[in-house]
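Fold and geometry: a report
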Amino acid sequence: MGHKAKLVDESGQFATSVESWPSIVITREEIEREVERLADEPRPANGRRATSMVHPMAQAPGLGLAPGIDAHIEVLKPGESVRVSRSNGSAVGTCIRGQGAARIGTSCFGVEKHDVWNVPSMHPVFYENNGSDLLVRLTFSNRPMLEKLMVFYGEEAEDSKISEAWFETVAQDAPAGPRAKDSAPIVPIEGGGFLMPYEHLVDPDTVENRALHWPWSIVEPRLNAVRGIGEGYTGRRLYILYNPATERRNGTTHSFFASIAAYPGDVVDRPHRHSSAAINYWFAGSGRSTVNGKKLFWKAGDLMLSAPGWSIHNHASGPDGFYSLTIQDHPLMIATESLIWQETMKDPIKNLGTQIGFQTNISELV
């Protein structure tokens, strides 16, 4: 007998938001112990030594540190590499120890501590450790969201010929001659709508999206500008690692932005909230965060689910300030017109990307 849909009477009801996951901190010591454990294990056949850091409230399919974001520790010993792989997920990577080399689609670059890069969907990925220490990476992807939707796809190349063929497909030029859509006109409808033929559905216009690399050696000196913004600043002291392929979504990938914040000592941000979830990797300094009234303390090397979606939260730097990498699914929320944001608890709730957003006092301080 086939499956049947449930009919649920919701007459007179209105859906309300669900309760957010509690914030958690994964300490530097926990991460370092797991790095050493992975390094001590026999090398897997595909070369991938990895551990997923999963929130205790996560449920399969789609295990993550936030409902739509996973966080992995990945380790390569000197001389090791991984088998080439690709998936329809997108990711942000950062190096937290050692050095190595990456080949992602048409992009090749070296990686060192605190470097950040993006991994576009279906781009073949290859990493190798060409240094003398462990190469340790943190990787954040939208795989949990895709697994919840039951559409995640991933595969590994089994030989070098397949690997090279995958890399070549990323660099393919557009086909010669007219496209089918050129013979299938779009029909305007009075009032602003259109009728779009099937040929446009299966052959949309593309925006080039490639792996980009933000070396710490270039990023760090630039952070002095945001760290030095004067007292009374009403924004947050950070730069977005912007990928122009994401256009107005202001992302590093189409799902996430990665930002790097640089705070001087003893700065307390104003409480705010947003529907996007955020994960922070604190890589220098110390401080505290208050999330839904609960205080959590952190230090360099800790990883934290700091904003589990629509939770009131703020961060405060310790006496030496801090540097942090934040992964937030802000671009995904803009794309779905779901990014509600409240800059302070006295401000109105705005839908960013469909309304003019909040203004800081930066013009008074520069």
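Definitions and cut-offs
- Residues numbered from 1 in each chain as written.
- Predicted model: local features only at pLDDT ≥ 70, side-chain atom pairs only at ≥ 80, totals over all residues.
- Heavy atoms only, no water.
- Helix = DSSP H or I, 4+ residues; strand = E, 2+ residues; numbered from the N terminus.
- Expected span 1.5 Å × (residues − 1).
- Buried < 20%, exposed > 50% of the residue type's maximum accessible area, 1.4 Å probe, protein only.
- Arc of directions from axis to C-beta.
- Contact = heavy atoms within 4.5 Å.
- Pairing = 2+ DSSP bridges.
- Patch = residues over 30% accessible without salt bridge, like charges linked within 9 Å, V, L, I, M, F, W, Y side chains within 5 Å.
- Areas by Shrake-Rupley, 256 points an atom, 1.4 Å probe, with all protein chains shown as cover.
- Salt bridge = Lys/Arg side-chain N within 4 Å of Asp/Glu carboxyl O.
- Phe/Tyr/Trp six-rings, centres within 6.5 Å; stacked < 30°, edge-to-face > 60°.
- Core = buried A, V, L, I, M, F, W, Y, C linked by side-chain atoms within 4.5 Å.

For the rest of this paragraph, the subject is helix H5 (residues 216-227). In this model H5 runs 16 Å from its N-terminal to its C-terminal C-alpha over 12 residues, within 8% of the 16 Å that 1.5 Å per residue would give. Looking at H5, one finds that the buried residues are Trp216, Val219, Leu223 and Val226. The arc enclosing the buried residues of H5, seen along the axis, measures out at 60°, which places them on a common side. Away from its buried face, by an angle of more than 90 degrees, H5 presents the exposed residues Ser217, Ile218, Arg222 and Asn224. Contacts made by the buried residues of H5 are with strand E14 (213-214), strand E15 (238-240), strand E16 (257-263), strand E18 (277-291) and strand E21 (313-328).

As a further point, take the sheet that holds strand E17 (residues 273-274). Judged by pairing direction, the sheet is antiparallel, and its 3 strands sit side by side in the order E17-E22-E23 without closing on themselves. Only two strands of the sheet have a single partner each, and these edge strands are E17 and strand E23 (350-351). Both strand E22 (residues 340-342) and E23 contribute to a ladder of 2 bridges, which runs antiparallel. Residue pairing for E23: Trp341 is matched across the bridge by Lys350.

Residues Ile186, Phe194 and Met196 make up a contiguous nonpolar surface patch of roughly 330 Å² in combined accessible area. The residue Ile186 is located in the loop between helix H3 (160-170) and strand E12 (187-188) in this model.

Turning our attention to the packing of aromatic side chains. Per the stated rule, a full pass over the model turns up 10 aromatic pairs. Between Trp282 and Phe322, the aromatic rings sit 5.2 Å apart at their centres with planes inclined by 85°, giving edge-to-face as the arrangement. A residue pair is termed long-range when its members are at least 10 positions apart, and Trp282 in strand E18 and Phe322 in strand E21 qualify at 40 residues. By the ring-pair criterion, three or more aromatic residues cluster together here, those being Trp216, Tyr281, Phe283 and Tyr323.

Along the polypeptide, Val366 turns up in the segment after helix H7 (362-365). On the basis of relative accessible area, Val366 is assigned to the exposed category, the value being 79%. Counting along the chain gives 136 residues from Val366 to Gly230, while the straight-line C-alpha distance between them is 8.4 Å.

As a further point, take the pairing of strand E7 (residues 107-111). The side chains of a regular strand alternate between the sheet's two faces. Here E7 shows a clear split, with Ser107, Phe109 and Val111 buried on one side and none of Cys108 and Gly110 buried on the other. Pairing geometry for strand E6 (residues 100-104) and E7, over 5 bridges, is antiparallel. Bridging from a neighbouring strand, Ala101 pairs with Gly110 of E7. Where E6 folds back onto E7 in an antiparallel hairpin, the turn is made up of 2 residues, including Gly105, whose phi is positive at roughly 60°.

Counting 43 residues, the largest nonpolar core has Ile73, Phe140, Ile260, Leu303 and Leu325 as the members making the most contacts within it. Setting aside chain neighbours within four positions, we find Leu303 in contact with Ile24, Val25, Ile26, Ile31, Met53, Leu65, Ala71, Phe140, Ile279, Asn280 and Tyr281. Core analysis: the second largest hydrophobic core is formed by 14 residues, Ala102, Phe109, Trp117 and Val125 among them.

Now for the sheet that holds strand E8 (residues 116-119). Ordered by their spatial adjacency, 6 strands build an open sheet running E2-E3-E10-E5-E8-E14, and the pairing between neighbours is antiparallel. Two strands in the sheet have a free side with no partner beyond their single neighbour: strand E2 (49-52) and E14. Looking at chain direction, E8 and E14 are connected through 2 bridges and run antiparallel. If you follow Trp117 over to E14, its bridge partner there is His213.

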